[in-house]
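Overview (structure and organization)
Okay, here's what each chain looks like letter by letter:
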Amino acid sequence: MNNFDSTKLRTQFNNTSEGWLVQVYNGDRRLLCVFDSSHAWIFLLGCGLGLLLAVGWFNLARYSPSPTYVPPTTPPEMLID
């Protein structure tokens, strides 16, 4: 009565083969490395988190009180000539 074909569902939602791929070769035509689209997303995510961390660190450093040096008023306990 209701024939369900699972192969149609798999091919409809299988998007893993879509996207781009960059292959880097050296002068001898040997494969050095491969960059996938997921590498670009991870790189952009890392840049965004690094920028967020840098801005937060800058704001914390700007508004924190700077330590001031106060010289000691008492002489050292042990004076050795």
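Details of the structure are given in the entry above.
Quick caveat: nothing in here was measured; it's all calculated off a predicted structure.

Reading guide: rules and limits
- Residues numbered from 1 in each chain as written.
- Predicted model: local features only at pLDDT ≥ 70, side-chain atom pairs only at ≥ 80, totals over all residues.
- Heavy atoms only, no water.
- Helix = DSSP H or I, 4+ residues; strand = E, 2+ residues; numbered from the N terminus.
- Areas by Shrake-Rupley, 256 points an atom, 1.4 Å probe, with all protein chains shown as cover.
- Pairing = 2+ DSSP bridges.
- Contact = heavy atoms within 4.5 Å.
- Patch = residues over 30% accessible without salt bridge, like charges linked within 9 Å, V, L, I, M, F, W, Y side chains within 5 Å.
- Salt bridge = Lys/Arg side-chain N within 4 Å of Asp/Glu carboxyl O.

Now for the overall build of the protein. Tallying secondary structure elements over the protein gives 2 helices and 2 strands in all. When the accessible surface of the protein is split by element, carbon and sulfur atoms take 64% of a total near 8500 Å².

Here strand E1 (residues 21–25) runs beside strand E2 (residues 31–36); their pairing, made up of 5 bridges, is antiparallel. Within E2, the position partnered with Leu-21 by the bridge is Asp-36. Hairpin remark: E1 followed by E2, antiparallel, with 5 residues in the connecting loop; positive phi at Arg-29, about 60°.

This part is about the environment of Trp-20. Here Trp-20 lies in the loop between helix H1 (6–13) and E1. When the C-alpha positions of Trp-20 and Ser-38 are compared, they lie 9.5 Å apart, and in sequence the two are 18 residues distant. Contacts of Trp-20, omitting those with residues within four sequence positions, involve Phe-35, Asp-36, Ser-37 and Ala-40.

With that settled, the discussion passes to a nonpolar patch on the surface. A cluster of nonpolar side chains, namely Leu-21, Tyr-25, Leu-31 and Val-34, defines an oily patch on the protein surface of about 370 Å² accessible area. When contributions to the nonpolar patch are tallied by element, the ones reaching two or more residues are E1 and E2. When you line up the elements, Val-34 lands in strand E2.

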